[in-house]
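Coordinates in review
Spelled out, the chains give:
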Amino acid sequence: MSASRGNRDEGSGPTTASLGRGPILELRGISKRFGAVQALTDVDFEVSAGEVVALVGDNGAGKSTLVKCIAGTHAPDAGAILFEGREVHIHAPNEATQLGIESVYQDLALCDNLDVVQNMFLGRERLTSVVPPILRTLSELEMERRSLDVLETLSVTTIANVREKVAALSGGQRQSVAISRAAMRNSKVVILDEPTAALGVAQSAQVLALVQQLREHGLGVILISHNLQEVFSVADRIIVLRLGRRVATFKHRSTTPEDVVAAITGARAS
Amino acid sequence: MNPAHRQRPPSLRARRVGMTLRTFLSHSGIQRWRQGELGILPVVFGLVVIAVYFQSQQPTFLSARNLSNLIVQIAATGSVAVGIVLVLLLGEIDLSVGSVSGLCSALLGVLIVNRGLPWWLAILATLVTGAMIGALHGAWFAFVGVPSFVVTLAGFLAWQGVQLSVLGPTGTVNVFNPYIGKIAQSFLPGPWGWVLGLGAAGVSMTVFWVARVRRRHAGLAASASVALAARSILVLAIGISSVEILNRFRGVPTAGLILFGLVVFFSFVTTRTRFGRYIFAIGGNAEAARRAGVNVSGIRIAVFTLAGLMAAAGGIIFVSRLTAASTQTGGGTFLLEAIAAAVIGGTSLFGGRGSPWSALLGSLVIGSVSNGLDLMAQPPEIKYIVEGAILLAAVSVDAVARRSRAAAGR
C-alpha cells in the first residue's frame, strides 16, 4: 500500500477485501513431521477477510505448528498454501510479511526502551532525504501522526501518549501496541498467539475489542487461545485440532462450549 | 474500563490537545524522572559538586588556564568513551579500546618517524587500522557467537602484544611532527572561538524551535514555549561562558573542538538516523529487532568498527598531546577511565539507554577529579580510590533507576 497521507484507512488493512469471495488464506492437506513426531496430519484450514477464526486444541494438538507453517517459521512436508486464491510457498518469516501475513507472538517482541511510535515503526522507519544519496533522517513527525491515526482507527483509547516508553505501559497496552503494529503493516491476515494469556479481565477486554476492530477493518484474524469464553466472545468460527488433525469446526452461533470441549478432549467424535 | 472500549474514541484533535499537559510534564522531566529516566541530571549535579569542592580547596581550579588544560586532558579519553557509549547502547562491552588506542598511537609514531610517511597518510592509516580491528571484533562476536566481553578481552591482551612489537626494543617513539602536534596543542583564535560558540548555540536553538513549529503545524503536541525558552537560554549561556573563559587563556583548544564535534555528530547519528534507532532497538531487545527485520549482525559489526575507529582517534590525540608513543600509551587506567566516563555520564551498562553526551560529561567528571586532586598534590593512590568510588556511585544510580523503571511499569 502506498505511503500517501490523507488515506486514513490505509494502515488498517484493505477494507476493499472481499467478503464472500472465498477465503483469503487457505491451507490444504498440510502435514508436518518432526522426527518421530507427526505434528500435523492432512490439515485443512481457511480464513476469510473480515473473519475471526479461533484455533483451539489441547497442548500438543498442533496449533503452534500450524501457524508457524503459515508464518514461514516451519515449512510443511506436504500440502498447499493458497493466499488470495494463488498457491504460495512461504519459506521465511519475511516472505509471509511481504504477502501481508503478520504474527503477534506471546512475548510481544517490543523494545522496552523505545516509545510507542518507535516500536510501531521498528524495521519500517519512514525516512526523509536530507542530502539525497547519502543522508536520510527519520521522519518522526510522519511516524507519530501515522501511529496516532492507526490507534484511532482501531479505537485504541488506552494509550494516552505515543511518546511514552513501552516499558511504562501495562500488559494490555503493550499487547495493543503489538497488535496495532501488526495491523498497520499493510497486512491482510493477522495471527494472534494467546494474546490475552498474561492479562487481567479489563485488559483482556481491551485486546478483544481490538480483535473485533481488526475484523471490522476487513482483516482475517487467526486467534489461538485456551480461553473458550474469550473464543466465544470474538470468533466467527472455531476450528479444533486434536493430535495434529482437524477434528471439528463450529460456527460460533450454533454451538456451546461443551461441544467444543468435547471435541478438544476427544470425548465425542465429530 | 470494560465499557470504555465500546465508546467512540474522542476525536483526533481532542486527543492531541489533551496530550499537551502530560507531554509537557514529560518534557519537563518530572514524569521521566519518576520512571527512572534520569538522563544527564545526576552527572550535571555531580560536576557542580566537584567544581564547588575543588574550587574551595584550590582557587586555581576554575581558572581559565586550568579549565583549558582540563579540556585537553580529557580529549583522548572522551573520544574513546564516545565509541564505548555506542557499544554500551548496543548492550555489549568493548574491553579492547585501550590496547587498540595504544597500538594505533604506536603505529602513528612508527609510520611517521621510522617510515617517513606524510602525517595525513599516517593518520588515515591509523584510523583505518583501528576501524578494521573493531570490525574484526564485531564480526567475531556476531558470526562466531563468542560474547563481546571475551572477544574484546582477548583483543585487550593481543593488541597490547602487537603494540609492543610495533614499538620494537626501544619502546618509545618521539613524534615531533608539527602537524600532529597541532591536534592537541593548538587553539582557535579568539574570534573563531566566538563564531564556533555562538554558531553552535544558534544552530541548536534553531533546531529546538523549528521542531516545535513543525510539530504544531502537524497538529501534534509540542514542547511548551517556556520550556524551550529556558533551554535556549541555557544553551546560549553555556556557549558564551565556555568561549569567554577559554578565550581568556589561549582560546578554544582544537582537541576540545574535536571531542565536541564527535559528540555532536554521534548524537545526531544515534537520535536522527535509522542506524541509530537500530542500535537502541538491539540494546533494548535484540530478538525483537531481529524479528522486525533489523540486520542485527550488520549493526553490531558497524558499532564495534566505530568503537575501534574512536579508539584510534583517541590514540592519535594522545600522541599529539605527549609528542610520543610508548609502551605505556593506552595502558594503565586508560581503558577503565573511558568505560567509567561513559557510565558516569549516564549511559546504562545494561544496554539501550544513554547518549554520546555522556562521554563528554563523564570524562569531564573523571578529568576534573583527577585534575583537582593533582592540584591538591594528592598521590595517585587517593586518585584511584576516588575514581573507583565515583564509578560505583554512578553505576548504583543506574541500577536504582533501572529498578524504579521496572516499578513504573503498571
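Predicted model only: the values in this text are computed from it and were never measured.

**With respect to the overall build of chain A**
Assigned secondary structure in chain A consists of 8 helices and 12 strands. Here the C-alpha atoms of chain A give a radius of gyration of 19 Å, agreeing with the 18 Å that 2.2 N^0.38 yields for 270 residues. Sorting the 270 residues of chain A into buried and exposed places 51% on the buried side. Once local pairs closer than 6 in sequence are excluded, the contacts in chain A between residues at least 24 apart make up 68%.

**Here we look at the environment of A:Glu87**
Residues and elements named next belong to chain A. Position of Glu87 among the secondary structure elements: in strand S5 (residues 86-88). In this structure Glu87 comes out as exposed when scored by C-beta crowding, with 10 C-beta atoms within 10 Å. Distance from Glu87 to Leu27, taken between C-alpha atoms, is 9.5 Å for residues 60 residues apart in sequence. Ignoring any residue separated from it by four or fewer positions in sequence, one finds Glu87 in contact with Ala80, Ile81 and Leu82.

**What to know about the packing of helix H14 (residues 334-344) of chain B against helix H15 (residues 357-375) of chain B**
Residue and element names in this part refer to chain B. The contact between H14 and H15 brings their axes to 7 Å, and the two run at 115 degrees. In terms of axis orientation, H14 runs roughly perpendicular to H15. Our pair here, H14 against H15, has a crossing hand that is right-handed. Residues Glu337, Ala340, Ala341, Ala342, Val343 and Ile344 of H14 touch H15, and the partners they reach there are Ser358, Ala359, Gly362, Ser363, Val365 and Ile366. Looking at the contact of H14 with H15 residue by residue, the class counts come to 8 nonpolar, 3 polar and 1 charged.

**Quick word on the packing of helix H4 (residues 64-89) of chain B against helix H11 (residues 254-272) of chain B**
Residues and elements named next belong to chain B. Relative to each other, H4 and H11 sit at 15 degrees, their axes nearing to 8 Å. In terms of their interaxial angle, H4 and H11 are classed as roughly parallel. Of the two elements, H4 crosses H11, and the hand of that crossing is left-handed. Two secondary-structure elements touch here, H4 through Ile71, Val72, Ala75, Gly78, Ser79, Val82, Leu86 and Leu89 and H11 through Ala255, Gly256, Ile258, Leu259, Leu262, Val263, Phe266 and Thr270. When its residues are assigned to classes, the contact of H4 with H11 shows 12 nonpolar, 4 polar and no charged.

**Let's talk about the sheet that holds strand S1 (residues 25-34) of chain A**
Residues and elements named next belong to chain A. Taken together, the 4 strands give an open sheet; going across it, the order is S2-S1-S4-S5, and neighbouring strands pair in antiparallel fashion. Looking along the sheet, the strands with just one partner apiece sit at the ends: strand S2 (37-47) and S5. The mean inter-strand angle of the sheet, taken between neighbouring strand axes irrespective of direction, is 30 degrees. The strands that helix H1 (residues 63-71) touches are S1 and S2; relative to S2, the one it contacts most, it runs at about 60 degrees.

**Side note on the nonpolar core**
Grouped together as the largest cluster of nonpolar side chains are 177 residues, with contacts concentrated most on A:Leu223 and B:Ile84. Discounting chain neighbours no more than four positions away, the residues touching B:Ile84 are B:Asp94, B:Val97, B:Ala307, B:Ala338, B:Ile339 and B:Ala342. Judged by nonpolar contacts, the second largest core, of 5 residues, contains B:Leu188, B:Val243, B:Leu246 and B:Val252.

**Notes on the pairing of strand S10 (residues 220-224) of chain A**
Residue and element names in this part refer to chain A. Of all 5 residues making up S10, 5 are buried, and the element is well covered by its neighbours. Neither face of S10 is open: one carries Gly220, Ile222 and Ile224, the other Val221 and Leu223, and all of them are buried. In this structure, strand S3 (residues 52-56) lies alongside S10, joined through 4 bridges in parallel fashion. When the bridges of S10 are listed, Val52 appears paired with Val221. Bridge analysis of strand S9 (residues 189-193) against S10 gives 5 bridges, and the strand direction is parallel. Each residue of the ladder has a partner; that of Ile191, found in S10, is Ile222.

**Quick notes on H15(B)**
Between the first and last C-alpha of H15(B) there are 26 Å, a value that for 19 residues agrees with the 27 Å anticipated at 1.5 Å per step. Burial analysis of H15(B) places 16 of its 19 residues in the buried class, which makes it a mostly covered element.

Thresholds applied
Residues numbered from 1 in each chain as written. Chains lettered and ligands numbered in written order. Predicted model: local features only at pLDDT ≥ 70, side-chain atom pairs only at ≥ 80, totals over all residues. Helix = DSSP H or I, 4+ residues; strand = E, 2+ residues; numbered from the N terminus. Rg over C-alpha atoms; globule rule 2.2 N^0.38 Å. Buried ≥ 20, exposed ≤ 12 C-beta atoms within 10 Å, placed from the backbone. Contact = placed C-beta atoms within 7 Å. Axes fitted to C-alpha atoms, helices over the stretch in contact; angles between N-to-C directions. Parallel < 35°, antiparallel > 145°, perpendicular 65-115°, else oblique. Left-handed = near helix turned anticlockwise from the far one by under 90°. Nonpolar A, V, L, I, M, F, W, Y, C, P; charged D, E, K, R; others polar. Pairing = 2+ DSSP bridges. Core = buried A, V, L, I, M, F, W, Y, C linked by C-beta atoms within 7 Å. Expected span 1.5 Å × (residues − 1).

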